[in-house]
Amino acid sequence: MIRALAFVCTLNPSPTDSSSQLLADQVLAELGGLGVQCESVRVADHDIRPGVATDMGDGDAWPGLREKLLAADIVLLATPIWLGHPSSLCQRVLERMNADIAETDEQGRQLMYGKVGAVAVVGNEDGAHKVSADLFQGLNDLGVSLAPNAVTYWVGEAQHGTDYQDLDERPENVAATTRTLAVNAVHLVRLLRQYSYPPSSSS
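### Structural notes on the nonpolar core
- Grouped together as the largest cluster of nonpolar side chains are 29 residues, with contacts concentrated most on Phe7, Trp62, Leu69, Leu77, Val93 and Met97.
- If you list the elements that add at least two residues to this core, you get strand S1 (3-8), helix H2 (62-71), strand S3 (74-82), helix H3 (88-97), strand S5 (116-123) and helix H4 (128-141).
- No other element matches the 5 residues that H3 contributes to this core.

Here you go:
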């Protein structure tokens, strides 16, 4: 069984409608159609403390979410664009993941080795490539692998107010990109299960 975990980093807690949630759900639907077991976490619904430790104490929700992360094969970060950047909650997820950057398995490999990353971005102006580049670098630093075409996104024209969730139908290019992301991510997971990364030379 391949498992996927989506961190939906909208600033709006449930049950508020969210374009980030919608696009994440569409990615998970494609993955589910490929036999992947999927779970979605809306970050704003959880008390994830700022910091770079695995447990910040006093009711911090990250330790439980970290267990889900460690069990996942595919990790999806879904974020809106705010001021040209990923949301602050998306950055917080990466910061909490960073607590494990020096942790290794018995062969000296980072704990995230073997996991495949993906990104979904929504916004009303340009910036999806910049946001995905930021997240790709963060995921890669943590040991997460990226398949080709690891991002799907929708951005509207500059200075207008339409949200992705307000569209009458999903644009075909977004649908096609989302399908490609899902297919490539699952393919890479299967390859990494068969051919894992070699032990670290420093182990």
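### Some remarks on the pattern of salt bridges
- The final tally for this structure, using the stated rule, is 10 salt bridges.
- With a closest N to O distance of 2.6 Å, arginine 96 and aspartate 60 form a salt bridge. Of the two residues, arginine 96 is situated in helix H3 and aspartate 60 in the loop between strand S2 (37-42) and H2; the sequence distance between them amounts to 36 residues.
- For arginine 96, a relative accessible area of 0% puts it in the buried group.
- Aspartate 100 serves as the salt-bridge partner of arginine 66, at 2.7 Å between the closest nitrogen and oxygen. Of this pair, arginine 66 sits in helix H2 while aspartate 100 is found in the loop between H3 and S5, placing the two residues 34 residues apart along the sequence.
- In this structure arginine 66 comes out as buried when scored by relative accessible area, which is 16%.
- The network of salt bridges with common partners includes Asp47, Arg49 and Asp58.

The rules behind these values
- Positions within a chain are numbered from 1, following the residues in the order the chain's sequence is written.
- Local features in this predicted model are restricted to residues of pLDDT 70 or higher, and side-chain atom pairs are both shown and tallied only at a pLDDT of 80 or more, whereas totals for entire chains, interfaces and linings draw on every residue.
- Excluded from the side-chain calculation are hydrogens and water; included are all heavy atoms of the structure.
- Throughout, nonpolar core names a set of buried Ala, Val, Leu, Ile, Met, Phe, Trp, Tyr and Cys residues whose side chains join them through atoms within 4.5 Å.
- Each residue's exposure class comes from its accessible area (1.4 Å probe, protein chains only) as a fraction of the maximum for that residue type: buried when under 20%, exposed when over 50%, partly exposed otherwise.
- For helices the rule is a DSSP run of H or I covering at least 4 residues; for strands it is a run of E covering at least 2, with both sets numbered from the N terminus onward.
- Criterion for a salt bridge: a side-chain nitrogen of Lys or Arg within 4 Å of a carboxyl oxygen of Asp or Glu.

Everything listed here is a matter of geometry and, on its own, says nothing about what the molecule does.
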